[in-house]
Amino acid sequence: MGFRGGRIKRLLAFVLACCLIAVIAVGSLADAGGFAGDSDYGSSGGSSDWGSSSDWDSSGSSSGGFIVGSDDSGGFGGFGFTSILVIIVIVYVVYRASQKGAGAGRPVAPGASYSTPQGRNIGVAALQAEDPNFSEQAFLEGIANRYVKLQQAWMAKDWEPMRMLMTDALYAQFERQLGDFIRNRQTNRVERIAVLGARILGCWRDDVNDILTIELRTRIVDYVVDDMTGNVVRGDPNRELFMTYEWTLVRSIGVKTDSFEGERKTSCPSCGAPVLLNASNRCTYCGTLISASEHDWVISAIRGISQRSS
């Protein structure tokens, strides 16, 4: 019975793995990280539940004082299988990933609920008490601009500008995904973006880092073109997508917000050379990577919560 049960489990795992491969091959669309898809997912939610009413528009104008450019990152959705099958596959994959200790930087399946980080919930007020220069408004402005920068780097197929803004693990994951577009001679275009709102969901602290979770709402147009012909191979240049993400950012405990704007410098721990923290966290002399979270907030995870199309 044990042998037979083992065979059944292995067969089930194989079938589910095949289904997952088919889902990924057929359903995933594009956008940095792969969150936008052919089909809507997650809660449709009302704007009253989203917090900030300020809009950041890709034209450079802003109604809430926040100026950003254009583009997006991620991509699930549009599976083409029955909902039950998708749910089974998602549950199995999430379970297997948790058993293997998968990192928090991996995009999760459509319709995921907001996460609760490991650690102690300290709240934003406690963070501000310890770091008087921390401004929630300025921080959310920075999140909006990071989102735009992320999309611009994705479209340009040059991921280096994001190195200082992400953990090493998340940076490597996105870089691998971008490499697929480069090898296939395709460009993921994310246009007419507007960051519609952002809010801090919570603040936690573990043994090493302070952790902030952010809800980010955006509007994008997301499609893929062939670099040789210019033809659209996936997506729709005329379809607007309204995306909701959860971003997780981390910063080493004890780091304080800079009270000035401008170039921020540190010294390379290997050779002692000066390193500009707002340019790259790689030493130009010896190539050593500097830990970005020791100096500022960096993105450690991005999760797709919902997608609605116009």
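Since the model is a prediction, treat every value here as computed from it, not as a measurement.

Rules used in this analysis
Residues numbered from 1 in each chain as written. Predicted model: local features only at pLDDT ≥ 70, side-chain atom pairs only at ≥ 80, totals over all residues. Heavy atoms only, no water. Helix = DSSP H or I, 4+ residues; strand = E, 2+ residues; numbered from the N terminus. Contact = heavy atoms within 4.5 Å. Buried < 20%, exposed > 50% of the residue type's maximum accessible area, 1.4 Å probe, protein only. Polar contact = N/O pair within 3.5 Å; in protein donor to acceptor, adjacent residues only side chain to side chain. Salt bridge = Lys/Arg side-chain N within 4 Å of Asp/Glu carboxyl O.

> Hey, could you run me through the overall build of the protein chain in this one?
Summing up its helical and strand segments, the protein chain has five helices and ten strands in all. Across the protein chain, every contact between residues at least 6 apart in sequence was considered, and the portion connecting residues at least 24 apart equals 74%.

> Is there a simple way to explain unusual backbone geometry in this structure?
If a residue is not glycine, its phi is most likely negative; likewise, a peptide bond is most likely trans. With a phi close to 55°, lysine 157 is a non-glycine residue in the positive phi region. Along the polypeptide, lysine 157 turns up in the loop between helix H4 (136-156) and helix H5 (168-183). Exposure remark for lysine 157: the relative accessible area of 23% places this residue in the partly exposed category. The residue arginine 192 is not glycine, and still its phi comes out positive at about 50°. Positionally, arginine 192 belongs in strand E5 (residues 186-205). By relative accessible area, arginine 192 is classed as partly exposed at 37%.

> Whenever I open this one, the side chain of aspartate 131 confuses me. Can you help?
Considering the arrangement of structural elements, one finds aspartate 131 in the loop between helix H3 (123-130) and H4. The class of aspartate 131 is buried, set by a relative accessible area of 2%. At 2.6 Å, the side chain of aspartate 131 forms a polar contact with the side chain of threonine 257. Leaving out residues up to four positions away in the same chain, aspartate 131 has contacts with Arg251, Val255, Lys256 and Thr257.

> Could you clarify how one ought to interpret the pattern of salt bridges in this entry?
By the definition in use, this model includes twelve salt bridges. With a closest N to O distance of 3.1 Å, glutamate 215 and arginine 199 form a salt bridge. Within this pair, whereas glutamate 215 is found in strand E6 (residues 209-226), its partner arginine 199 is found in strand E5, the two being separated by 16 residues in sequence. On the accessibility criterion, glutamate 215 (1% relative accessible area) is buried. The partner of glutamate 246 in a salt bridge is arginine 303, and the shortest N-O contact between them spans 3.1 Å. Of this pair, glutamate 246 sits in strand E7 (residues 232-252) while arginine 303 sits in strand E10 (residues 298-309); the two residues are 57 residues apart in sequence, bridging distant segments of the chain. Take glutamate 246 and arginine 303: they sit in the same class, and that class is buried. Here the salt bridges do not stand alone but share partners, grouping Glu130, Arg205 and Asp210 into one network.

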